[in-house]
Structure formats: structure tokens, C-alpha cells
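Tertiary structure, described
Listed here are the chains, written in short residue letters.
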Amino acid sequence: MYNSFVALDNLNLKVEGGVCLGFLGPNGAGKTTTIKILTTLIKPTSGKAYLNGIDVTSDPKAALSDVGAVVETPEFYPYLTPNEMLSYQGELRGMSSNEISERSKKVLYEVKLTEWADKSIGSFSRGMKQRMALAQALLHDPAILILDEPTSGLDPRGMHEVREIIKTLKEKGKTVFMSSHLLSEVQEVCDTVALLDKGRLIVCDKIEKLSKVSPVKKIEVRALVALTDSQLDHICRFTGVRSVKQTSSQVLLIEFEGDEGSMAELHNSLLGIGLKMTSFKPTGSDLEGMYLEIIAESVR
Amino acid sequence: MKSSPPSDSEQLHMVLRYELLKYLRGQRLFGILIITALIAWLMLALPLLLGRGYPSDVRTFPSTFLMFVSILIVLSATFFGSDAIVSEFQQRTGYALFPSPIRRRIILLGKYVASALSSLLAVSLYYAIIIVSSQAIYGTILDELVLSYYLAVVYMLSILAFAFLLSSVMKGTTGSAVLTFFLFQMILPIIDVVLNSADIDPWFSVTNAGGIISSILTMPRAMGGPGPGGSMQQTGAAVGIPYPLYIPEVLSSLIVMINYFAITLLAAIYVFERREL
């Protein structure tokens, strides 16, 4: 609670070991507040938060010992190099100098900062600092990773690399608690999703289950030549089509409700009316439909 | 890889080492030592350059030096203490450090010890120059000079602790540095003078207590003055406005400084542990 504003309202969320959980919600939902409580950056006005079964408020040192965290885009002491910063972090975590040296090399390689290992962090770009943040979170090979917008500030290639790292962590059985605004990213790397709105937990379940909440899909159709009024009229009457929006003379956005088989039928029907299609592509993630639907319900 | 975090004392040592590295690489330590040497050089060279020579009284020479000890201590507190905590918040470095398995009080204490050691180096260098010069020019070292050094160290510890409290409370590094410098160099000394002129003994003021560092050589050390702080002396006569001046006593000054040290350091820890990022 900030003054009279309730940032988190009776949030009760348990993440099992080995789960990669995507923590979703609109701006101001309380995602970062939750992460800050877990990483002891703020203290809850009431309630408890546990990591590995240890209360973070009463024993932060023990609770955070097997946790790696990236919260927002942290800054690092500009007078240190990545190797020195990792050495500092490693020492604070009780790692031996050999372990620090080996792990530093490994994690700096993973985040593509090897050639910057001995350069001053003060000269790093935001994206490089984000990579550095991930490196220090991975340094001690923790069982739990708490990642707040881990791909924020990264270029598309960097985002892809970070996602690959998270997927590898998931394969290794690590517990990943990750907040993100990028639904496609969460869908790609996470297996469970928790949706928060106005400080309340709306839903927490496996992605496959949640995707079924909204069967509505958006399909972008591109044609070789401009669509005729007659073709448009036909499309509107096809089974499962909820709405049709013509974004240009050759491009349509169809809102469609149905399973994969119905989608194949729609594809054939479009060909059947003489449409010379150059592409037939579902847009947006399954998660996006679910997200919008659930958030809309929550607002109501 | 599951390693247990080191003990609090080991972690304190780690924070201390990296904080000292900050002072070294940021040229702060070098800067304060240059300032120290410059003040000492001016004190030694100016009398000769102006052709006036050194005073004949063995007491006057070091007492002139000692007038600048408090400035040196305030500068050290500004250099090393004023941004020690606030920078973790303002520059967002706390996002990397605070989620580590280390108690915040250990972070603060490690930084405090680093700043105390750096300040001690500057103060010790200054006193070393005074002592060596006294020996070289007058062939003797006053006992009060050594006592003044110990008092200066205690004063330094209390001012640093106060600076850490300001750093824990303030929002920005610049504001913290400006407030630290002006509070101890102007605001509190002005309050001391005003209280003195109103015939109120400012025995409770840390800057008034710090006055013992230089007054130990020049003022009579009578116990049991008018207030709990020390003796009273008529002064201001030179400008025709006599007003009472309460001179702090060694013991009462020590008690005041130690209290400031303990209370402000504990308050700094209390605030820092509860401050949200």
C-alpha cells in the first residue's frame, strides 16, 4: 500500500519449483511491486512473501541466497568492469575465486559481453547494462530467477538471445518468475501465466488452458489484386467470421472464431471465391486474446 | 551451485574494499589528500613568503593549523559520506546491490568504515605535517596536539555518521553534498554563535563540541563553567561588543561527539533499512 493506494490486494500466488511463470498485467497492476517485495527493495505493509520457503522480510539474506534477480534496468558502478562487478556479486554470495572466474566467463559469454569483460561499465549502453544485469543474475547459477521485463532495452537480436537463455534455464529445471509486457514473449518461453489487475490476481494457470478462454483469432489475409465488394460480402458470411476489416485494397483483417479445422475451411473458402491470396496469417498471440478478454471482464 | 553467503563481517569487508576502490578510481581520495597537502603547504609557506616568519610562541603555530581541521573533516564528510547512500537510490545501483544476500545495515556500515578510513588518512596526514613541522621549527611537540588529534578523529566519526544520515534521507546526491557542507561549515556554526550571543551555552551542538580540537591549545581548560559544556570567557571586546563565549570542555565535547556518532549512525541504519527503491 502506498499512502491510501492499494498496490497489491490480498495477492495469494504460489509458484512451484521448476515452473517458468509469466507475470502479466496492465500498467499499474502491481507486477513490479510484487517483484520489488520479493527482492526486498520494498517492504509490504502487510502479508508475507517467501522464496524457497524463507520469509524475505524477516530473513532477506537467507531468502535471497539462491535467487538471481533483474529488476527494471539496474545501473552498475561505472568505475567497475563486468569482471569486477561479477566478482563483487560472487564474493557477496560466498563463491570461491575459482567459481567466480569460471562462472563469470560463462555468463558473460551467454549474454555476449565477453569482449567487454574488462571495459568500464560506465561506457555501456542501456542494452549492454541489461545484458550485464542478466549476467549477474545468472552468475551463481541460482535455483530461482526473478526477472522484471528481462528484454527491456534490448534490440531484436538481444531479445531473441535472452529468450533462448530463459528457455535453457527452463530446461534445466530452474524456477523462473518473469514479468513482461510482451505477450508473444511470455507465450514463447513460459509454461504458466499469472494475470494481475489492480493488485488482484485474476487468474493463474497453464498457458494451454488459458488460450482456450478466447477462441477468437485475428487473421490477416493479403491478396494479389484488390478485393471486390462481392468477395467482401462473401467473406462476411463465412462460418466463424465475426468481422472483416479492410485495411487496404488488398489486405483484410478477419476476426474469426473457431478451431484449426475451421480455419483450414476458411482458407479453402477464400480460395473458392477466386481470391488470389499471397498470405493467410493469424496475427497476435493466443495469449493476447485471453489477456484482453480477461482484463475486459475484470474492468466490468 | 549453492553457496552460503559469507558472514556479516566478511561481507562488510567486501563492501569496504569496493567502496575504497570507488574512492581511488573516482580520484576522491587523491583529491582530499591534495587539498590536505595544499592547506598545510599554505600554512607553512605563506608566513615565509610574506616575510613574517613563524610565531615565536610554540602554542600559536599549531593552533593556527588546527583552525582548519574542522574544514578538512567537513570536506571529507562531503567527499566520502554525503553521496554514499543516496547514490544507490538516485543512480539506481541499488537495483543490482540490494537483491543480493546482504543486509542493508552491512552495506551502510561497510561504506561508513571505508569513508572513515579515507577521512582518517587525510586528517592523519594533516596532523603528521603539523607534528613534523612543530618538531622541526620548535624542537618540541605539545601533548595537547596529540590529544587534539584523537579529538579530531572522534569529531570526524560523528560528522561522517551525520553525513550518512543525511545521505540516507536525501533524494539527490548534489543536494546531499551541498547540505552536508553547509550544515557543518555554516548553518550549525552560525547557530552556535547566535546561541553564544544570547548567553545560551550550545554544549549540545556537535560543531560547538568540535571547537575543542583547536581551542584545546589556546583556551584555559577550566572545568565546571556556567553550563554543562564548559567554561565561559568574555570575548568580542576587540570590536567593542563584548558577548559571552562558552568554551567546550574535553570530556563534555567527547560525550557530545560520541552521542552524535551513535545516534546519527543508528538513525542512518534505521532510515536506510526502511527506504524503498
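Residues numbered from 1 in each chain as written. Chains lettered and ligands numbered in written order. Predicted model: local features only at pLDDT ≥ 70, side-chain atom pairs only at ≥ 80, totals over all residues.

**A short note on the overall build of chain B**
For clarity, the threshold we go by: Helix and strand assignments come from DSSP, with helices taken as H or I runs of at least 4 residues and strands as E runs of at least 2, each series counted from the N terminus. Three exposure classes are used, based on other C-beta atoms lying within 10 Å of a residue's own C-beta, which is placed from the backbone: buried for 20 or more, exposed for 12 or fewer, and partly exposed in between. Placing a C-beta atom from the backbone of each residue, one calls two residues in contact when those atoms lie within 7 Å.
On a plain count of helices and strands, chain B comes out with 12 helices and 2 strands. Taken from the N to the C terminus, the helices and strands of chain B come in the order α-α-α-α-α-α-α-α-α-α-α-β-β-α. For chain B, the proportion of its 277 residues judged to be buried stands at 45%. In chain B, 78% of the contacts between residues at least 6 apart in sequence involve partners at least 24 apart.

**Comments concerning the overall build of chain A**
Counting its secondary structure elements, chain A contains 11 helices and 12 strands. For chain A, the C-alpha atoms occupy an extent of roughly 75 × 45 × 35 Å along the three principal directions. Across the 300 residues of chain A, 39% fall into the buried class. Taking contacts inside chain A between residues at least 6 apart in sequence as the whole, the part at least 24 apart equals 68%.

**Observations concerning helix α3 (residues 82-92) of chain A**
One turn of an α-helix holds 3.6 residues; hence residues three or four places apart share an orientation. Taken across its 11 residues, α3(A) has 9 buried, putting it largely inside the fold. Along α3(A), the positions that sit buried rather than exposed are A:Pro82, A:Met85, A:Leu86, A:Ser87, A:Tyr88, A:Gln89, A:Gly90, A:Glu91 and A:Leu92. Of the surrounding secondary structure, the elements contacted by the buried residues of α3(A) are α4 (97-110) and α5 (126-138) of chain A together with α1 (8-25) of chain B. The positive-phi residue at the C-terminal boundary of α3(A) is A:Gly94, with phi of around 85 degrees.

**What about the interface of chain A and chain B?**
Frequently, the measure chosen for interface size is the accessible area that the parts lose on association. For the record, the criterion: Three residue categories are used. Nonpolar comprises Ala, Val, Leu, Ile, Met, Phe, Trp, Tyr, Cys and Pro, charged comprises Asp, Glu, Lys and Arg, and polar comprises the others, including Gly.
Opposite the 29 residues of chain A that make contact, chain B presents 25 residues. Looking at the side of chain A that touches chain B, the element that brings in the most residues is α3(A), giving 4 residues. Class assignment of the residues belonging to the side of chain A that touches chain B gives a composition of 14 nonpolar, 7 polar and 8 charged.

**Focus on the sheet that holds strand β11 (residues 251-257) of chain A**
Residues and elements named next belong to chain A. The criterion, for reference: By definition, two strands form a pair when at least two bridges between them are found by DSSP. To get an axis, a line is fitted to the C-alpha atoms, and for a helix only the part in contact is used. The angle between two axes follows their N-to-C directions and goes from 0 to 180 degrees.
One open sheet holds the 4 strands; their spatial order is β10-β11-β9-β12, and the pairing between them is antiparallel. At either margin of the open sheet sits one strand with a lone partner, and together these are β10 (241-248) and β12 (277-283). Here the average twist between neighbouring strands, direction ignored, is 20 degrees. Relative to β11, β10 runs antiparallel, the two sharing 6 bridges. Residue Val244 lies in a different strand from β11, and its bridge partner there is Ile254. Docked against the sheet, helix α9 (residues 229-236) engages β10 and β11, running at close to 150 degrees with respect to β10. Most of the contacts of helix α10 (residues 260-272) go to β12, to which it runs at about 155 degrees, and overall it touches β9 (216-223), β11 and β12.

**Notes on the packing of α3(A) against α1(B)**
When two helices pack together, their arrangement is given by the angle between the helix axes and by the axis-to-axis distance. Short version of the rule: Orientation categories follow fixed angle ranges, with anything under 35 degrees roughly parallel, anything over 145 roughly antiparallel, 65 to 115 roughly perpendicular, and all other angles oblique. The hand of a helix crossing depends on one turn: near helix anticlockwise from the far one by less than a right angle means left-handed, and clockwise means right-handed.
In the contact formed by α3(A) and α1(B), the axes pass within 10 Å of each other and the chain directions differ by 165 degrees. The orientation of α3(A) relative to α1(B) falls into the category roughly antiparallel. Of the two elements, α3(A) crosses α1(B), and the hand of that crossing is left-handed. Taken together, the residues of α1(B) that come into contact with α3(A) (itself represented by A:Tyr88, A:Glu91 and A:Leu92) are B:Gln11, B:Met14 and B:Tyr18. Taken together, the residues that form the contact of α3(A) with α1(B) break down as 4 nonpolar, 1 polar and 1 charged.

**Observations concerning the sheet that holds strand β5 (residues 144-148) of chain A**
Residues and elements named next belong to chain A. Spatially, the 6 strands line up as an open sheet ordered β4-β5-β6-β1-β7-β8, and their pairing is mixed. Strands at the two margins of the open sheet, each flanked by one partner only, are β4 (67-70) and β8 (200-206). Here the strands of the sheet are splayed against their neighbours by 15 degrees on average, with no regard to which way each runs. Relative to β8, strand β7 (residues 192-197) runs antiparallel, the two being bridged by 6 bridges. Within β8, the position partnered with Asp197 by the bridge is Arg200. Along the sheet, helix α1 (residues 31-38) makes contact with β1 (20-24), β5, β6 (175-179) and β7, crossing β5 at roughly 140 degrees. Contacts from α5 reach β4 and β5 within the one sheet, and its direction differs from that of β4 by about 170 degrees.

**A closer look at helix α12 (residues 250-274) of chain B**
The condition is simple: Expected helix span is taken as 1.5 Å per residue step, with the number of steps being one fewer than the number of residues.
The first and last C-alpha atoms of α12(B) sit 36 Å apart over 25 residues, in line with the 36 Å expected at 1.5 Å per residue. Among the residues of α12(B), those classed as buried are B:Ser252, B:Ser253, B:Val256, B:Met257, B:Tyr260, B:Phe261, B:Thr264, B:Leu265, B:Ala268, B:Ile269 and B:Phe272.

**As for the confidence of the model for chain B**
All names here are of chain B. For clarity, the cut-off: As a per-residue measure, pLDDT tells how confident the predictor is, with possible values from 0 to 100.
Mean pLDDT over chain B stands at 89; residues scoring 70 or higher make up 90%. Predicted confidence for residues 222-229 stays below pLDDT 50, and this span has 19 contacts to residues more than four positions away or in other chains. Quick note on the complex model: pTM equals 0.85, ipTM equals 0.85.

**Observations regarding the nonpolar core**
This is how it is decided: Think of a nonpolar core as buried Ala, Val, Leu, Ile, Met, Phe, Trp, Tyr and Cys residues chained together by C-beta atoms that fall within 7 Å.
Membership of the largest hydrophobic core comes to 135 residues, with the highest contact counts inside it found for A:Ala135, B:Ile73, B:Ile159, B:Leu160, B:Ala161 and B:Phe164. At 15 residues, the largest contribution of residues to this core is made by helix α8 (residues 143-169) of chain B. Among all residues touching B:Ala161, those that are not within four sequence positions of it are B:Tyr260, B:Phe261, B:Thr264, B:Leu265 and B:Ala268. Counting 10 residues, the second largest nonpolar core, distinct from the first, contains A:Leu227, A:Ile235, A:Phe256 and A:Leu275.

**Quick word on the environment of B:Trp41**
Relative to the assigned elements, B:Trp41 resides in helix α2 (residues 28-49). It is 19 Å that separates the C-alpha atoms of B:Trp41 and B:Ser119, two residues lying 78 residues apart in sequence.

**Focus on the pairing of β4(A)**
Residues and elements named next belong to chain A. Both faces of β4 are covered, namely the face carrying Val67 and Ala69 and the face carrying Gly68 and Val70. With 4 bridges connecting them, β4 and β5 associate as parallel partners. Across the sheet, the residue bridging to Val70 is Leu147, located in β5.

**Here we look at unusual backbone geometry**
Within the chain, A:Asp141 stands out as a residue other than glycine whose phi angle is a positive 50 degrees. With respect to the helices and strands, the residue A:Asp141 is situated in the loop between α5 and β5. Assessed through the 18 C-beta atoms surrounding it within 10 Å, A:Asp141 is described here as partly exposed. Even without being a glycine, B:Arg92 presents a positive backbone phi close to 65 degrees.

**Quick notes on the packing of α2(B) against helix α4 (residues 69-81) of chain B**
All names here are of chain B. At their nearest, the axes of α2 and α4 sit 10 Å apart, and the two run at 165 degrees to each other. For the element pair α2 / α4, the angle class is roughly antiparallel. Between α2 and α4 lies a crossing whose hand is right-handed. Contact residues: Arg28, Gly31, Ile32, Ile35, Thr36 and Ile39 in α2; Leu72, Leu75, Ser76, Phe79 and Phe80 in α4.

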